[in-house]
Amino acid sequence: MPRKPKSELDLDQLARIERGVVATPLIQWYPGHIAKAEKALQEQLSRVDVVLEVRDARIPLASFHPQIPAWIGTKPRLLILNRVDMISPWEREQWQAWFRAQGESPYCANGQTGDGVMAIFKAAQAAGVTINERRKLRGMNPRPVRAVVLGFPNVGKSALINRLLKRKIAASAARPGVTRQLRWIRISDQLELLDAPGVLPANLKDQNAAIKLAICDDIGEAAYDNQRVAAALVDLLQDLNQAPRLLNRYQASLGERSGEEYIVYLATQRFQKDNERTGRQLLQDFRRLALGPICLERPPSP
Ligand SMILES: Nc1nc2c(ncn2[C@@H]2O[C@H](COP(=O)(O)OP(=O)(O)OP(=O)(O)O)[C@@H](O)[C@H]2O)c(=O)[nH]1
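Residues numbered from 1 in each chain as written. Predicted model: local features only at pLDDT ≥ 70, side-chain atom pairs only at ≥ 80, totals over all residues.

### Regarding the overall build of the protein chain
Alright, step 1. Tallying secondary structure elements over the protein chain gives 11 helices and 6 strands in all.
Alright, step 2. Within the protein chain, the fraction of its 302 residues that count as buried is 41%. (Helix = DSSP H or I, 4+ residues; strand = E, 2+ residues; numbered from the N terminus. Buried ≥ 20, exposed ≤ 12 C-beta atoms within 10 Å, placed from the backbone.)

Okay, here's the thing in structure tokens:
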């Protein structure tokens, strides 16, 4: 049986995206909430010396927030790939090499265990040395470096802050949208951090990125259909030659099925023909590592 082509944007949906309606075929999010969060954040950004940009290691490209470069201008920035425990060591090496080739040196971290956090702490403090040297020249007293932690919802910003602080101060939970307010937190005499709510671009036109964000639950208060997003995950696993993981987990082989067909098939085999529940379960299994550590993106070829 030939594989079915994946669903494409229909013209009406494309037109809505072009008109600036915040929508993608699968994912819909709420501009009011975003605008409010962004305004508050931009007000604070002028006070910030260094930016810690956190991305999800499972989707290092899709979790790039397109507005961050414009927001931070020339401020120093540390790139952090968090959730590195959720990808394989090989995938991690591939991505580090790719970023290095782009002139970036990402810090790899695990917000749950604190691995990699000390290096970030030191780098953020080091960025402040120049700032205080300049202040000294102007006859001003030194002050702690002010850093902001920025990234999509649920990428692990608060977990990283808690690890930096060695205690739980920032609310962190396994669902997006936990951090609601901007808050300055003093980490040490040399470092203050601004914990910001996860920020979503008001206008994400790349539907592939939106789907990956939804698969990883990095999309905040968005509405989407679990069944279709799970089908997209199956298609992605197939493209990454990772379909055997589905067989291992569910004893149901993908074969030549499309993602959508697989969900229906799996629902029949394992979930009393409940397609929605099957989609939800598959997404949950991926997010809880029941399918094993997997990076959903490969570094682009040079
Ligand atoms: N496996 C794993 N889980 C992590 C990691 N970092 C954070 N988490 C978990 O992911 C969930 C979300 O983390 P948060 O720190 O709340 O994420 P956030 O970016 O602050 O989320 P918002 O408040 O929505 O912006 C929590 O359950 C964390 O324990 C990591 O590196 N690996």
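### A closer look at the sheet that holds strand β3 (residues 107-108)
Alright, step 1. Taken in spatial order, the 6 strands of this open sheet run β3-β2-β1-β4-β6-β5, and their pairing is mixed. Of all strands in the sheet, those bounded by a partner on one side alone are β3 and β5 (183-188).
Alright, step 2. Looking at chain direction, β5 and strand β6 (residues 191-195) are connected through 5 bridges and run antiparallel. Looking at the pairing, Trp184 lines up with Leu194 of β6. (Pairing = 2+ DSSP bridges.)

### Let's talk about the pairing of strand β2 (residues 77-82)
Alright, step 1. As paired elements, strand β1 (residues 50-56) and β2 share 6 bridges and run parallel to each other. In the strand pairing of β2, Glu53 is matched with Leu79.
Alright, step 2. Relative to β3, β2 is paired through 2 bridges, and the arrangement is parallel. Bridging across to β3, Ile80 finds its partner in Tyr107.

### Brief notes about unusual backbone geometry
Alright, step 1. The phi angle at Gln251 is positive, at roughly 50°, despite the residue not being glycine.
Alright, step 2. Relative to the elements of secondary structure, Gln251 occurs in the loop between α9 (244-250) and α10 (259-270).
Alright, step 3. A tally of 10 C-beta atoms within 10 Å means that Gln251 is categorised as exposed.
Alright, step 4. The phi angle at Gln272 is positive, at roughly 45°, despite the residue not being glycine.
Alright, step 5. Here Gln272 is to be found in the loop between α10 and α11 (275-287).

### Here we look at the packing of helix α8 (residues 226-239) against α10
To characterise two packed helices, one gives the angle between the axes of the helices and the distance between these axes.
Alright, step 1. Running from N to C, α8 and α10 cross one another at 115°; their axes reach a closest spacing of 7 Å. On the basis of their axis angle, the class for α8 and α10 is roughly perpendicular. Between α8 and α10 the crossing geometry is right-handed. Judged by residue contacts, Gln227, Ala230, Ala231, Ala232, Val234 and Asp235 of α8 engage Gly259, Glu260, Tyr262 and Ile263 from α10.
Alright, step 2. Considering only residue class, the contact of α8 with α10 consists of 6 nonpolar, 2 polar and 2 charged. (Axes fitted to C-alpha atoms, helices over the stretch in contact; angles between N-to-C directions. Parallel < 35°, antiparallel > 145°, perpendicular 65-115°, else oblique. Left-handed = near helix turned anticlockwise from the far one by under 90°. Contact = placed C-beta atoms within 7 Å. Nonpolar A, V, L, I, M, F, W, Y, C, P; charged D, E, K, R; others polar.)

### Concerning the environment of Asn141
Alright, step 1. Along the polypeptide, Asn141 turns up in the loop between α5 (117-137) and β4 (145-150).
Alright, step 2. Judged by local crowding, Asn141 falls into the exposed class, with 7 C-beta atoms found within 10 Å.
Alright, step 3. For Asn141 and Ser301, which are 160 residues apart along the polypeptide, the C-alpha to C-alpha distance reads 48 Å.

### A short note on the environment of Arg277
Alright, step 1. Of note, Arg277 is situated in helix α11.
Alright, step 2. The exposure class of Arg277 is partly exposed, given the 15 C-beta atoms found within 10 Å.
Alright, step 3. Taking C-alpha positions, Arg277 is 30 Å from Glu91, a pair spaced 186 residues apart along the chain.

### Some thoughts on α11
Alright, step 1. Under the 1.5 Å per step criterion, the end-to-end length of α11 is 18 Å for 13 residues, consistent within 8% with the ideal 18 Å.
Alright, step 2. If you check which residues of α11 are buried, you get Asn275, Thr278, Gly279, Gln281, Leu282, Leu283 and Phe286.
Alright, step 3. Looking at the buried positions of α11, the neighbouring elements they touch are α7 (207-215), α8 and α10.
Alright, step 4. Positive phi shows up at Leu289, right after α11, with a value of about 70°. (Expected span 1.5 Å × (residues − 1).)

### Some words on the UniProt feature "binding site: GTP" (unreviewed entry) in the protein chain
Alright, step 1. Under the feature "binding site: GTP" (unreviewed entry), the UniProt entry names Asn82, Arg83, Val84, Asp85 and Gly198.
Alright, step 2. Structurally, Arg83 can be placed in the loop between β2 and α4 (89-101).
Alright, step 3. Not counting the four nearest positions on each side in its chain, Arg83 is found in contact with Asp56, Ala57, Arg58 and Gly156.
Alright, step 4. With respect to the helices and strands, the residue Val84 is situated in the loop between β2 and α4.
Alright, step 5. The contacts of Val84, once residues within four sequence positions are left out, are Ala57, Arg92, Cys108, Ala109 and Asn110. (UniProt positions renumbered as here; feature names shortened; annotations may be inferred.)

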